[in-house]
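Working through the structure, step by step
Here are the chains, one letter per residue:
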Amino acid sequence: GQVASSAGSCSLSTTHAAGDAAAATMVNVNDCLEKMRSADKDLRYMSVSDLITALEKDSVKLDPSSSKRLVEQLLKLLNDNSNDVQEVAARCLGPLVRTVSDGLVLDIANCLVEHLLSTDKKADELRDISALALKTVLAQLAPDAPATAKMVDAIVPKLMQSVSAAGDAPPQQELYRLEALQDVVERFGALLVAHHAKLQDVLLPFITATRAGSRKRAIGTLASLSVSASDAQFNALIAHVVGTIKGAKKAHVVRSLIQCIAIVSRSVGHRLGKQLGELVPLVVANCDSPAFESDDELRENCFICFETLVVRCPNEIAPHLDDIVKLSLKYIKHDPNYAVDDDDAAAADDAALD
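For the structure given in this document, a descriptive report is provided here. (Residues numbered from 1 in each chain as written. Predicted model: local features only at pLDDT ≥ 70, side-chain atom pairs only at ≥ 80, totals over all residues. Heavy atoms only, no water.)

1. Some points on helix α11 (residues 231–247)
End to end, α11 covers 24 Å across 17 residues, agreeing with the expected 24 Å (1.5 Å per residue, within 8%). Listed in full, the buried residues belonging to α11 are Q233, F234, L237, I238, V241, V242 and I245. Looking at the packing, one finds that the buried side of α11 touches α9 (196–203), α10 (212–228), α12 (251–268) and α13 (276–287). (Helix = DSSP H or I, 4+ residues; strand = E, 2+ residues; numbered from the N terminus. Expected span 1.5 Å × (residues − 1). Buried < 20%, exposed > 50% of the residue type's maximum accessible area, 1.4 Å probe, protein only. Contact = heavy atoms within 4.5 Å.)

2. With respect to the side chain of S256
Here S256 lies in helix α12. Within polar-contact distance, the side chain of S256 engages the backbone oxygen of H252 at 3.0 Å. With residues near it in sequence (within four places) discarded, S256 still touches I207, R215 and I219. (Polar contact = N/O pair within 3.5 Å; in protein donor to acceptor, adjacent residues only side chain to side chain.)

3. Some remarks on the pattern of salt bridges
Using the criterion set out here, one finds 16 salt bridges in the structure. A salt bridge links E72 to K76, with the nearest nitrogen and oxygen atoms 3.4 Å apart. Highlighted residues: E72 and K76, both in helix α3 (residues 64–77), separated by 4 residues, approximately one helical turn. The residue R91 makes a salt bridge to E87 at a minimum N-O spacing of 3.0 Å. Residue R91 and its partner E87 are located together in helix α4 (residues 83–96), separated by 4 residues, close to a single helical turn. The partly exposed category is assigned to R91, whose relative accessible area is 34%. When salt bridges with common partners are traced through the structure, they connect K135, E179, D183 and R217 into a single cluster. (Salt bridge = Lys/Arg side-chain N within 4 Å of Asp/Glu carboxyl O.)

From the geometry alone we can't say anything about function, so treat these as descriptive.
The following block contains the structure:
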């Protein structure tokens, strides 16, 4: 269920001391929670900061009622009128998810994703802080924790749907959605087997998107996904990249796809070796293509790709080393930052003779 919206005090119990010492700790934490509702932003900030310290030291244990009220209050503070309070509340959700029930972890994740996917033009600040909070929460959850599997199954379909519809979204909203999906896949890709095919289909259009940030996040996510993807899924990705390069006419598309090969190679290593017979000649051809003769960025991407493939697939790359070495020797003499026209060259020669 969703986190309740009613306010209330929290009762906490400690994990270690008993008697007077336990009572003192409980009172201190209760005071901290009361200060979260204070009109004084400094008190609100310090109360959450103190709670982070206590949670990181594992010095408190929350009962179910306390947990629910605490989660409720921290989620409210994400919309606080003080940026400092918002930020510290987002940080507090990280250590908190290690101590609350699976149901509350799910409530937290659903709430953050709901904020993140909001299209309300007035909610930019809440989207910003919710993106930070979600990243913090994901970093704290163990991949093998029961709560993690439930959380992933709940939020990934929502993120995929939002990314599919992100074409008309403002740039920052599109980036937030793609970045959230990347964070989930990087950390919990092995838990997403049931979603792999859909994820790949959703992300592929973005690897040639006009927005550089969207391309970067989509390529990074696909690279992470490739680590745990089935052979069929991985082969489908490479076939898409190869087919798109062959049909590409625009330099920025070729640049992105060659960059994608390099980044995927870094993630999967020798798994890409079987595909080199088709991939390397394509990269060689585009590196030395007259159509892209003046595109130094594309050529740089090609050499970065060669370097990655040589390091990650040293055996499989062997048949292609002659071509790579020839290109390297050709362009090692090329300095894109140095250009002298004929008149300048003639003037330089005359000066030298004088």
